[in-house]
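Geometric and topological summary
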Amino acid sequence: VNELAIRATVNGQAHKIIVLPGMTLLELLRDGLNLTGTKEGCGAGDCGACTILLDGRPVNSCLVLAAEADGRSVTTIEGLGGDSLHPVQKAFVRNAAVQCGFCSPGMIMTAVALLAENPDPTESEVKTAIAGNLCRCSGYTKIIEAVLDAACEMRGPGGRASHEE
Amino acid sequence: VPLAGGTDIIRSLSNGRAVARVLIDLKRIPGLSGIEGTYSRFSIGAMTTIHEICTSPLVKKAFPLLSEAGMWLGSWQVRNRATTGGNLCNASPAAELACPLLVYDAEVTLEGPAGLRVMPLTGFFTGPGQTARRHSEILTSITCRRPGGAEAGHAGAYERLGPRSAMDISIVNVAVNLGFEGVSCIGARVALGAVGPVPFRVPEAEALLLGHNLDPRLIRQVSLVAQKAARPITDIRASAAYRSDMVRALVDRALSRVLKKVSRCE
């Protein structure tokens, strides 16, 4: 099998990685780079557990080949925050939006991308954004509350919601 | 095998439903992505993602059925990868973008070693998962027009039925696009998806609309004609009989929405 050498930025760090042609980005992250925060749920693009940011956009890493990450920037749950938790992670903790936790990394990555694009989303916009992230514990209410809370927190004082619920 | 967004092929490769020795990533070819054009005519690069279609101000304003239908396709994650060209070349009878593109008189440009050819989308689909694209060709762009040009009044609607409001494949989808002069219909397009081997237009239904004023009686007639034109199958999503009834209901609903929009303008 022909191995491919790719260059990708993962969580801010430049990597030169040798990948197999059929390897998914999810496999590369978990098995190659030990970034096991990204979860494999269905492996078919339906559940969103493996959501990562590719050049800032949320994608299912099980539907991206590792080779396609060549020249791109990848952000996983490990790349959020830094020394302390990211505001979205903090909001998930504060709102008890985590039950078994398996969907949380993917859910949080989608939420981070949403808030980067739309700092003041409505509840319905949050629902549309996370439609591809399944929570089998069915804890959606708390998750949606957490995303709205994170949005409020990240906008800071003075950045009041422009639409009352 | 050409690789576009990969949201279907990578899944098929991992579960063994498809085999490919070589994948060629079309996304790396410059010039295959982007939306450009005017209010009456525009062109979409085949590698333009569904998310780009859904968020493009030009598409939303001039070709709104496309952005509306695009939002039904998969999840945000999938829309960020899935491409317009991939949606067409994959040739699902239920492809969300197919009916809106059919009612916008879409033409596809195919390029290969023998050169470039342009064909109407109506002739592009040849069966479930099959298209007129030759193995050595790639789909490079899609061009859309509004019937009657920018001057004519226009109203269209997209209706679809699916088990969930997100992430699900259509049981039936319908697009209609009408051009008006006053209240008289001077251009009509009616397209049906997921009720035949390929998404298709219904010329009999379009002929009924031409030259007439849209009213509830005409809408009922057109819906019945569309229902007759449908050749649905029974599968895991729905029975043929249910699909057939839903064609009538959805065409009725779509045209009624158009009627409402038109009467508001008068």
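Residues numbered from 1 in each chain as written. Chains lettered and ligands numbered in written order. Predicted model: local features only at pLDDT ≥ 70, side-chain atom pairs only at ≥ 80, totals over all residues. Heavy atoms only, no water.

1. Description of the overall build of chain A
Counting its secondary structure elements, chain A contains five helices and five strands. For a compact globule of 165 residues, the expected C-alpha radius of gyration is about 15 Å, and chain A comes in at 16 Å, within 12% of that figure. Across its three principal directions, the C-alpha atoms of chain A cover 55 × 30 × 25 Å. In chain A, which comprises 165 residues, the proportion classed as buried is 47%. At a minimum sequence separation of 6, the contacts of chain A that also span at least 24 residues come to 58%. Here chain A has roughly 7800 Å² of accessible surface; of this, 50% comes from carbon and sulfur atoms. Considering chain A, the positive charge centre built from 13 side chains and the negative charge centre built from 19 side chains are found 3 Å apart. (Helix = DSSP H or I, 4+ residues; strand = E, 2+ residues; numbered from the N terminus. Rg over C-alpha atoms; globule rule 2.2 N^0.38 Å. Buried < 20%, exposed > 50% of the residue type's maximum accessible area, 1.4 Å probe, protein only. Contact = heavy atoms within 4.5 Å. Areas by Shrake-Rupley, 256 points an atom, 1.4 Å probe, with all protein chains shown as cover. Lys, Arg positive; Asp, Glu negative; His and termini not counted. Charge placed at Lys NZ, Arg CZ, Asp CG, Glu CD.)

2. Some remarks on the packing of aromatic side chains
Residue and element names in this part refer to chain B. Within this structure, the stated rule accounts for three aromatic pairs over all chains. Look at F63 and Y104: their rings are 4.9 Å apart centre to centre, the planes differ by 85°, and that puts the pair in the edge-to-face class. Taken together, the positions of F63 in the loop between α3 (57-62) and α4 (64-70) and Y104 in the loop between α7 (98-103) and β5 (107-112) put the pair 41 residues apart, joining distant regions of the chain. Classification of F63 as buried rests on a relative accessible area of 0%. According to the relative accessible area criterion, Y104 is buried, its value standing at 3%. Centroid distance F124 to F125: 5.7 Å. Interplanar angle 65°. Geometry classified as edge-to-face. (Phe/Tyr/Trp six-rings, centres within 6.5 Å; stacked < 30°, edge-to-face > 60°.)

3. Describing helix α2 (residues 87-94) of chain A
Residues and elements named next belong to chain A. Taken together, the buried positions of α2 are occupied by V88, Q89, A91 and F92. Looking down the long axis of α2, one finds its buried residues gathered within 160° of arc, a one-sided arrangement. Against the buried residues of α2 lie α3 (104-117) and α5 (140-155). Positioned one or two residues after α2, A96 has a phi angle of 50°, which is positive. (Arc of directions from axis to C-beta.)

4. Points about the side chain of A:N95
Mapping A:N95 onto the fold places it in the loop between α2 and α3. Not counting the four nearest positions on each side in its chain, A:N95 is found in contact with A:K142, A:E145, A:A146 and A:D149.

5. Things to note about the sheet that holds strand β5 (residues 73-75) of chain A
Residue and element names in this part refer to chain A. With mixed pairing, the five strands of this open sheet are ordered in space as β2-β1-β5-β3-β4. Looking along the sheet, the strands with just one partner apiece sit at the ends: β2 (13-19) and β4 (57-60). Averaged over all pairs of adjacent strands, the angle between their axes in this sheet comes to 40°, without regard to strand direction. As paired strands, strand β1 (residues 4-10) and β5 are joined by two bridges and run parallel to one another. Bridge pairing in β5 places V10 opposite V74. Sheet strands touched by helix α1 (residues 25-32): β1, β2, β3 (51-54) and β5. Its angle to β3, the strand with the most contacts, is close to 105°. Helix-sheet contacts for α3 involve β3, β4 and β5, and the interaxial angle to β3 is about 35°. (Pairing = 2+ DSSP bridges. Axes fitted to C-alpha atoms, helices over the stretch in contact; angles between N-to-C directions.)

6. Here's the deal with the sheet that holds β5(B)
Residues and elements named next belong to chain B. Strand order in the open sheet formed by five strands is β3-β4-β9-β5-β6, and the pairing between neighbours is antiparallel. The open sheet is flanked by β3 (35-37) and β6 (115-120), the only strands paired with a single partner. The average undirected angle you get between the axes of adjacent strands in this sheet is 20°. Relative to strand β4 (residues 41-45), β3 runs antiparallel, the two sharing three bridges. Looking across to β4, one finds that G37 is bridged to F42.

7. A few points about the interface of chain B and chain A
Opposite the 23 residues of chain B that make contact, chain A presents 29 residues. Broken down residue by residue, the surface that chain B buries against chain A is led by B:W76, B:Q77 and B:R81, which jointly contribute 36%. For the pair chain B and chain A, the interface holds three salt bridges. Seen at the junction of chain B and chain A, the total is eleven residue pairs in polar contact (both at pLDDT 80 or more). Of all the secondary structure elements, the ones that give two or more residues to the side of chain B that touches chain A are α1 (9-14) and α5 (76-79) of chain B. (Buried area = accessible area lost by both parts, 1.4 Å probe. Salt bridge = Lys/Arg side-chain N within 4 Å of Asp/Glu carboxyl O. Polar contact = N/O pair within 3.5 Å; in protein donor to acceptor, adjacent residues only side chain to side chain.)

8. Quick look at the confidence of the model for chain B
For chain B, mean pLDDT is 93; residues scoring 70 or higher make up 97% of the total. For this predicted complex, the interface score ipTM comes out at 0.93, while the overall pTM is 0.93. (pLDDT = per-residue confidence, 0-100.)

9. Things to note about the environment of B:V183
Residue and element names in this part refer to chain B. Looking at the secondary structure, you find V183 in the loop between β11 (172-181) and β12 (184-193). In this structure V183 comes out as partly exposed when scored by relative accessible area, which is 37%. Each C-alpha atom of the pair V183 and R145 lies 21 Å from the other, and the pair is 38 residues apart in sequence.

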